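Examination of the molecular architecture
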Amino acid sequence: MSAPPLTLADLNRMNRTGFATTLGFAFELSPWVVERAYDAAPFDSVESLHAAMMAVLDASPQADKLSLIRAHPELASKAAVARQLTAESNAEQASAGLDKLTPEEFDRFHALNAAYRERFGFPFIIAVRLNDKTSILAAMQARLGNDEATEITEAIAQIGLISKLRLQDAVTG
């Protein structure tokens, strides 16, 4: 049996610690984003909740942004195949079929992950729930041509999409 959905009213009544603990899943292993957004409460919609979190992220120093980006797992990695990621990441990667790759597809993901990490120093991030393995591979290849600043901006934008989907799944008005 799954837990009842979170409501905005419940979240608005929480203290900072409860709020950060309850919504920490939204930003991969980075509850600091959620904790800092607490000051914008009360929230009247999931969109305003998410906007407050993105405002925190946008105002954060580059080092914090890079820490958040680096907290994300590589797509179709050995850890992903072994389902050793957060529950949210496991489900998201499975939704795009990344848990059922052929050996050739796995090798392609591995090679692109390695090239991407070598070029940028952090994992490739994309909202996998909005893609399939073919579009993800195409995006990985295309984004290897970006400069670092463009890719950091794109990674943060993708994290925004991922976190919004996670919040929409978990919180009701």
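The structure contained in this document is the topic of the report that follows.

Calculation criteria
- Residues numbered from 1 in each chain as written.
- Predicted model: local features only at pLDDT ≥ 70, side-chain atom pairs only at ≥ 80, totals over all residues.
- Heavy atoms only, no water.
- Helix = DSSP H or I, 4+ residues; strand = E, 2+ residues; numbered from the N terminus.
- Rg over C-alpha atoms; globule rule 2.2 N^0.38 Å.
- Buried < 20%, exposed > 50% of the residue type's maximum accessible area, 1.4 Å probe, protein only.
- Contact = heavy atoms within 4.5 Å.
- Areas by Shrake-Rupley, 256 points an atom, 1.4 Å probe, with all protein chains shown as cover.
- Axes fitted to C-alpha atoms, helices over the stretch in contact; angles between N-to-C directions.
- Parallel < 35°, antiparallel > 145°, perpendicular 65-115°, else oblique.
- Left-handed = near helix turned anticlockwise from the far one by under 90°.
- Core = buried A, V, L, I, M, F, W, Y, C linked by side-chain atoms within 4.5 Å.
- Salt bridge = Lys/Arg side-chain N within 4 Å of Asp/Glu carboxyl O.

Along its length, the protein chain carries 10 helices and 2 strands. What you see in the protein chain, going N to C, is helices and strands ordered as β-α-α-α-α-α-α-α-α-α-α-β. On C-alpha atoms alone, the protein chain measures out to a radius of gyration of 17 Å, which is about the 16 Å that the 2.2 N^0.38 rule sets for 173 residues. The principal-axis extent of the C-alpha atoms belonging to the protein chain is close to 50 × 40 × 20 Å. Looking at the protein chain as a whole, 45% of its 173 residues are labelled buried. Pairs at least 24 residues apart make up 70% of the contacts formed inside the protein chain by residues separated by at least 6 positions. A total accessible area of about 8,600 Å² is found for the protein chain, and carbon and sulfur atoms account for 55% of it.

Okay, the packing of helix H5 (residues 62-70) against helix H10 (residues 148-170) next. A packed helix pair is summarised by two numbers, namely the angle formed by the two axes and the spacing between the axes. Packing of H5 against H10 brings their axes to within 10 Å, and their N-to-C directions diverge by 60°. Overall, the two elements H5 and H10 adopt an arrangement that is oblique. For the element pair H5 and H10, the recorded crossing hand is left-handed. Within the contact between the two elements, H5 uses Gln-62, Lys-65, Leu-66, Leu-68 and Ile-69 and H10 uses Ile-152, Ala-155, Ile-156 and Ile-159.

Moving on, we come to the side chain of Glu-28. Topologically, Glu-28 is positioned in the loop between helix H2 (16-23) and helix H3 (32-37). If we skip the residues at most four places from it in the chain, Glu-28 touches Leu-68, Ala-71, His-72, Pro-73, Thr-86, Ser-89 and Arg-166.

Now for the nonpolar core. Core analysis: the biggest nonpolar cluster contains 52 residues, and Leu-23, Phe-27, Met-53 and Ile-136 have the highest contact counts within it. Within the residue set of this core, elements represented by two or more residues are helix H1 (8-13), H2, H3, helix H4 (46-59), H5, helix H8 (103-120), helix H9 (133-143) and H10. Beyond its immediate stretch of four places on either side in the chain, Leu-23 contacts Leu-6, Leu-11, Val-34, Leu-49, Met-53, Leu-167 and Val-171.

The next subject is the pattern of salt bridges. In the structure shown here, the tally under the stated rule is 10 salt bridges. One salt bridge connects Asp-99 with Lys-100, and the closest N-O pair in it is separated by 3.5 Å. Among the residues examined, Lys-100 registers a relative accessible area of 63% and is labelled exposed. Measuring nitrogen to oxygen at the nearest pair gives 2.5 Å for the salt bridge that ties Glu-151 to Arg-143. This pair shows no difference in class: Glu-151 is buried, exactly as Arg-143 is. Connected via shared salt-bridge partners are Glu-28, Glu-92 and Arg-166.

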